[in-house]
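Residues per chain, in single letters:
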Amino acid sequence: MVSLSSSRMFQLFQGHIQPAGHRSRKTRLVTKDGRCNIEFGNIESSNQFAYLVDFWTTFVEIRWRFVLLLFVASFTGSWFIFSLLWYWIAKSNGDLTGQNRTDEHVQCIDNVNGLTTAFLYSLETQTTIGYGGRALTGHCAGTVALIIIQSLIGTFINCFMCGVILAKISLPKRRAKTVTFSNTAVICLKKGSLCLLIRVANLRKTLLIGSQIYGKLLRTTTTPDGDTIILDQVHIDFIVDAGKDNLFFVCPLTLYHVINRSSPFYDLSANTLLLQDFELVVFLDGTAESTSSCCQVRTSYIPQEIQWGYSFLPIISRTNTGKYRVDFSNFSRSVRVTTPHCAHCFETDVDERNHNNHNHNNQQKLGIDNLGFQVIDIHDVMDITRM
């Protein structure tokens, strides 16, 4: 019976989740730490220009090495460009060393007589250092306009770079680093149902408000028309004992997905699980209590990371002082438990037990109680052979 149900399961599941031996093993779409393993190719130039239009998001999302390079290049470049303008003004006025200057000559900028001193004056002006050795004389009208322009541009660069660095530091994905999932998922019985269980924990004492849990099963399917759909997504419902929305995420939670007839895992068994090629991506959405920023935590599980017939070890206990203690050493540890071989087997056993209980109850009731019947106690034994 087990081999027949397993072959039937494989036939039903074929075309939906193909065995790994029939095609090359694919890499993860979502890594264990939540990064998406995908790249875009052959993007049109018009679409690439959109990255420059949305320059703020582009600067916030680039890596730190490029942010630091942009930080240094923006300030150094602006100092050098304006030093060339100051040098040009000084040269036009005849302030440079080697130019023929008379005793009545008035400089536009004091102590700016070369490119080096022009660069130093540009740096002092934009950073508002003001050592006092170099200053405008007010003789040249162009210097007044240029110092105003440089001051405004320097302020803009300061605000922009400080905003980019602050935005990168406060990115919600940094908060997601303190939310962790168990390394493996398990399949066992929970409250009379065959379920897939996953653990998730918040490593901070600050809560994630309005947390929601859900999953996506990614697989390659073949339509009845023969078309192959890569990364076909199937929604997976995860719940906890308190529900699935607005979770009280103060301690580690055990999420479970009931494997019933509507579940995409219904046709799996303990023998065929490792032969499948799919990826289960689990999402946790919430709002950080301290920053009010929305964040999403992701992880994924492949068939080799799902243990059939195991259950997680308990991790929450109570100390003598009345506090609740979480032992993270057992967070991803599991122990073998008695589990049905497949969902079909579990439902068949339940149906048979219900049928046997029903027949047993019917056999106990062989007649109908007559409420009008009265029991009479006979105290004297009569001898019916005596006339």
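Residues numbered from 1 in each chain as written. Predicted model: local features only at pLDDT ≥ 70, side-chain atom pairs only at ≥ 80, totals over all residues. Heavy atoms only, no water.

Visitor: I tried to follow the overall build of the protein chain on my own but got confused; where do I start?
Guide: Of the regular secondary structure elements, the protein chain holds 8 helices and 14 strands. In the protein chain, buried positions account for 35% of the 387 residues. The contacts in the protein chain between residues at least 6 apart in sequence include a share of 67% that link residues at least 24 apart. Of the roughly 24900 Å² that the protein chain leaves accessible, carbon and sulfur atoms contribute 57%. (Helix = DSSP H or I, 4+ residues; strand = E, 2+ residues; numbered from the N terminus. Buried < 20%, exposed > 50% of the residue type's maximum accessible area, 1.4 Å probe, protein only. Contact = heavy atoms within 4.5 Å. Areas by Shrake-Rupley, 256 points an atom, 1.4 Å probe, with all protein chains shown as cover.)

Visitor: Would you take a moment to explain the state of the cysteines for this structure?
Guide: By definition, a disulfide links the sulfur atoms of two cysteine residues through a covalent bond. Applying the stated criterion across every chain, the model contains 1 disulfide. Cysteine Cys159 remains unbridged, with the sulfur of Cys162 as its closest cysteine sulfur at 7.0 Å. Free cysteine Cys295: the closest other cysteine sulfur is in Cys294, separated by 7.7 Å. Residue classification places Cys295 among the buried positions, given a relative accessible area of 7%. (Disulfide = S-S within 2.5 Å.)

Visitor: How do you make sense of the packing of aromatic side chains when you look at a structure like this?
Guide: Describing an aromatic ring pair means giving the distance of the ring centres and the angle of the ring planes. Inspection of the entire model under this criterion finds 11 aromatic pairs. An aromatic cluster of at least three residues, connected via ring pairs, comprises Phe55, Trp56, Phe59, Phe156 and Phe160. Against the face of Tyr301 rests Lys32, its NZ or CZ located 4.1 Å from the ring centre. Stacked on the ring of Trp64, the Lys or Arg Lys168 has its end atom at 5.3 Å from the ring centre. (Phe/Tyr/Trp six-rings, centres within 6.5 Å; stacked < 30°, edge-to-face > 60°. Lys NZ or Arg CZ within 6 Å of the ring centre and 35° of its normal.)

Visitor: Honestly, a nonpolar patch on the surface in this entry has me stumped. Any pointers?
Guide: Among the surface-exposed residues, Phe80, Ile81, Leu84, Leu85 and Leu115 lie close enough to one another that they form a single nonpolar patch of about 430 Å² accessible area. Ranked by residue count, the leading element in the nonpolar patch is helix H4 (residues 64–93), at 4 residues. Topologically, Leu84 is positioned in helix H4. (Patch = residues over 30% accessible without salt bridge, like charges linked within 9 Å, V, L, I, M, F, W, Y side chains within 5 Å. Salt bridge = Lys/Arg side-chain N within 4 Å of Asp/Glu carboxyl O.)

Visitor: Before we go on, may I ask you to explain the nonpolar core in this structure?
Guide: Among soluble globular proteins, nonpolar side chains are generally buried collectively. Judged by nonpolar contacts, the single largest core of 35 residues is most densely connected at Leu196, Ile198, Phe238, Phe265, Leu280 and Leu284. Breaking this core down by element, the ones donating at least two residues are strand E1 (179–181), strand E2 (185–190), strand E3 (193–202), strand E4 (208–222), strand E7 (253–258), strand E8 (278–288), strand E9 (294–301) and strand E10 (306–308). Excluding residues that lie within four positions of it along the chain, Phe265 makes contacts with Leu196, Leu217, Ile236, His257, Ile259, Phe278 and Leu280. (Core = buried A, V, L, I, M, F, W, Y, C linked by side-chain atoms within 4.5 Å.)

Visitor: When you look at the pairing of E3 in this model, what are you seeing that I'm missing?
Guide: Here is the key point about a regular strand: its side chains alternate between the two faces of the sheet. Within E3, 9 of the 10 residues are buried, which leaves it mostly tucked inside the rest of the structure. In terms of strand pairing, E1 meets E3 through 3 bridges, oriented antiparallel. Each residue of the ladder has a partner; that of Val179, found in E3, is Asn202. As defined by bridge partners, E3 adjoins E7 across 6 bridges and the pair is classed as antiparallel. Each residue of the ladder has a partner; that of Val200, found in E7, is Leu253. (Pairing = 2+ DSSP bridges.)

Visitor: Would you take a moment to explain the pattern of salt bridges for this structure?
Guide: Side chains that carry opposite charge are capable of pairing whenever their charged atoms lie near each other. This structure, assessed with the given rule, holds 4 salt bridges. The salt bridge partner of Arg28 is Glu305, with a shortest N-O separation of 2.2 Å. Highlighted residues: Arg28 in the loop between helix H1 (2–13) and helix H2 (45–53) and Glu305 in the loop between E9 and E10, separated in sequence by 277 residues. Here the two residues Arg28 and Glu305 agree in accessibility, since each one is buried. Two residues, Lys32 and Glu305, come together in a salt bridge whose shortest N-O distance is 3.4 Å. One end of the pair, Lys32, is in the loop between H1 and H2; the other, Glu305, is in the loop between E9 and E10, and 273 residues separate them in sequence. Through salt bridges with shared partners, a single ionic network connects Arg28, Lys32 and Glu305.

Visitor: Help me understand the side chain of Lys168, please; the structure alone is not making it clear to me.
Guide: Summarising the element assignment, Lys168 is placed in helix H6 (residues 141–169). Buried within the structure, Lys168 lacks any salt-bridge partner; its nearest side chain of opposite charge belongs to Glu61, at an N-O separation of 8.8 Å. If sequence neighbours within four positions are ignored, Lys168 has contacts with Phe59, Val60, Glu61, Ile62, Trp64, Val67 and Arg174. (Lys, Arg positive; Asp, Glu negative; His and termini not counted.)

Visitor: Explain the confidence of the model for the protein chain to me, please; I cannot follow it from the model alone.
Guide: Note: predicted coordinates in regions of low pLDDT should not be interpreted at a detailed level. In the predicted model, the protein chain carries a mean pLDDT of 79, and the fraction of residues at 70 or more is 80%. With pLDDT under 50 throughout, residues 1–25 is counted as low confidence; its partners more than four residues away or in other chains account for 40 contacts. Ignoring residues within four places in sequence, the model shows residues 381–387, a span with pLDDT below 50, making 0 contacts including any to other chains. (pLDDT = per-residue confidence, 0-100.)

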